[in-house]
Amino acid sequence: MELMPSSEELSILLVEPSSTQQKIIRRALEDAGARHLYFADSVKSAIYAIKENEPDLIVSAMYLPDGTAETLITLIKKNPDTEHINFMLVSSERNRQQLETLRQAGVIAILPKPFEMKDLQRAINATLDLSMEQEIDLELIDPHEMQVLLVDDSRLAQKHITRVLESMGIVNIDVAANGADAITLMNDESYDLVITDYNMPEMDGIEFTHTIRMTEHLSHIPILMVASNADQPQLANITQEGVDAICDKVFEPETLRVLLHNILD
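As the structure is a prediction and not an experimental result, all values here were calculated from the model.

Caption draft 1: Spotlight on the UniProt feature "modified residue: 4-aspartylphosphate" (unreviewed entry) in the protein chain. In the UniProt entry, the feature "modified residue: 4-aspartylphosphate" (unreviewed entry) is given for Asp 197. With respect to the helices and strands, Asp 197 occurs in strand β10 (residues 193–197). For Asp 197, a relative accessible area of 2% puts it in the buried group. When neighbours within four sequence positions are excluded, Asp 197 is seen to be in contact with Gln 104, Val 151, Asp 152, Asp 153, Gly 205, Met 225, Val 226, Ala 227 and Lys 249.

Structure (structure tokens):
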């Protein structure tokens, strides 16, 4: 069995314009075991640093002199050469709309200022988890033979979730941008699992779930819903709508692995 790499092996780029905050976060990263740290203070300098020495993880503030974390992550995730780089936000920002693009893009963590060491360590562990392939162990089905339908209107989210699934050995993944397109696919193909977003155009996650559960030849398929804020009041009783499990869109690979174990085994 391949051993999990350690935090000492990670290359981390810290993007923070405040020298004080940079020192605080640097100290926390070092306390968490990080040894290969690089620094930038703007979007421009971060892009240059990535070209010079590609990191495993970017830890960024929200607001930078020449843009925001959204600017930076969009540039990274839309470039095929850098889209695999993990991204973590450290910010006191609480505006849900401001954070939405980052959630959609597949950040591995959004940490507040100040943050707790256990949360930082979990984000580092998530980066380590994604850096190696760790096939999910299921009793009832071979992950390589699973047929998964991923339904999400965000291309960045599609890429991130696909990457996490592939790291678990799940490689047969079809993608749809909304529930209506997904139902069309489901009438032509057979799937072992559906992973769906909550907020989508044309047919949202709830309506999509209802349609599956009311369609005889589809009603047995397990459904995992991924939502930007899975703890919202309107999602509290989501399992009553026919969803087998719900997961926050900022999730760790291990969280998804456990949920899939529960759903599929």
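Caption draft 2: Representation of the nonpolar core. Among the nonpolar cores identified, the biggest contains 45 residues, and Met 88, Leu 120, Leu 165, Leu 224 and Leu 260 are the most heavily contacted of them. Residues within four places of Met 88 in sequence aside, it is in contact with Leu 57, Ile 58, Val 59, Ser 60, Ile 108, Ala 109, Leu 111, Leu 120 and Ala 123. The next biggest cluster of nonpolar side chains, apart from the first, holds 24 residues, and it includes Leu 64, Ala 69, Leu 89 and Val 250.

Caption draft 3: Seen up close, the packing of helix α1 (residues 19–31) against helix α5 (residues 117–130). Where α1 contacts α5, the axes come no closer than 10 Å and their chain directions differ by 65°. Here α1 lies roughly perpendicular to α5, going by the angle between them. Judged by the sense of rotation from one axis to the other, the crossing of α1 with α5 is right-handed. Contact residues: α1 offers Ala 28, Leu 29 and Asp 31, while α5 offers Met 117, Leu 120 and Ile 124. In terms of residue class, the contact of α1 with α5 is made up of five nonpolar, no polar and one charged.

Caption draft 4: Focus on α5. When the terminal C-alpha atoms of α5 are compared, their 20 Å separation across 14 residues agrees well with the 20 Å that a helix rising 1.5 Å per residue should span. Buried within α5 are the following residues: Leu 120, Ala 123, Ile 124, Ala 126, Thr 127, Leu 128, Asp 129 and Leu 130.

Caption draft 5: Structural view of the sheet that holds strand β11 (residues 223–227). Read from one edge to the other, the open sheet built from five strands follows the order β9-β8-β10-β11-β12, with strand pairing classed as parallel. Single-partner strands in this sheet number two, and they are β9 (172–176) and β12 (245–248). Pairs of neighbouring strands in the sheet enclose a mean axial angle of 20°, with direction left out of account.

Caption draft 6: View of the sheet that holds strand β7 (residues 109–111). Taken together, the five strands give an open sheet; going across it, the order is β2-β1-β3-β6-β7, and neighbouring strands pair in parallel fashion. Each edge of the open sheet is held by one strand with a lone partner, namely β2 (36–40) and β7. Shown here is a sheet whose adjacent strand axes are inclined to one another by a mean of 20°, direction ignored. Two elements, strand β1 (residues 11–15) and β2, share five bridges in a ladder whose sense is parallel. If you follow Leu 14 over to β2, its bridge partner there is Phe 39. Packed onto the sheet, helix α3 (residues 69–77) meets β1, β3 (57–60) and β6 (86–90) and runs at close to 180° relative to β6.

Caption draft 7: Molecular detail of the domain arrangement of the protein chain. Each domain of the protein chain was delimited in the assignment, giving domain 1 (11–135) and domain 2 (147–264). Relative placement of domain 1 and domain 2: their C-alpha centres are 27 Å apart. Contact residues are listed per partner, giving 23 residues for domain 1 and 23 residues for domain 2. Taking both sides of the interface into account, the surface hidden between domain 1 and domain 2 amounts to around 2000 Å²; carbon and sulfur atoms contribute 47%. A per-residue breakdown of the area domain 1 buries against domain 2 is headed by Arg 103, Gln 104 and Leu 130, which together make up 32% of the total. Linking domain 1 to domain 2 there are two salt bridges. Note that Lys 159 is salt-bridged to Glu 83, the shortest N-O span being 3.1 Å.

Parameters and conventions
Residues numbered from 1 in each chain as written. Predicted model: local features only at pLDDT ≥ 70, side-chain atom pairs only at ≥ 80, totals over all residues. Heavy atoms only, no water. UniProt positions renumbered as here; feature names shortened; annotations may be inferred. Helix = DSSP H or I, 4+ residues; strand = E, 2+ residues; numbered from the N terminus. Buried < 20%, exposed > 50% of the residue type's maximum accessible area, 1.4 Å probe, protein only. Contact = heavy atoms within 4.5 Å. Core = buried A, V, L, I, M, F, W, Y, C linked by side-chain atoms within 4.5 Å. Axes fitted to C-alpha atoms, helices over the stretch in contact; angles between N-to-C directions. Parallel < 35°, antiparallel > 145°, perpendicular 65-115°, else oblique. Left-handed = near helix turned anticlockwise from the far one by under 90°. Nonpolar A, V, L, I, M, F, W, Y, C, P; charged D, E, K, R; others polar. Expected span 1.5 Å × (residues − 1). Pairing = 2+ DSSP bridges. Domains from an automatic or database assignment. Buried area = accessible area lost by both parts, 1.4 Å probe. Salt bridge = Lys/Arg side-chain N within 4 Å of Asp/Glu carboxyl O.

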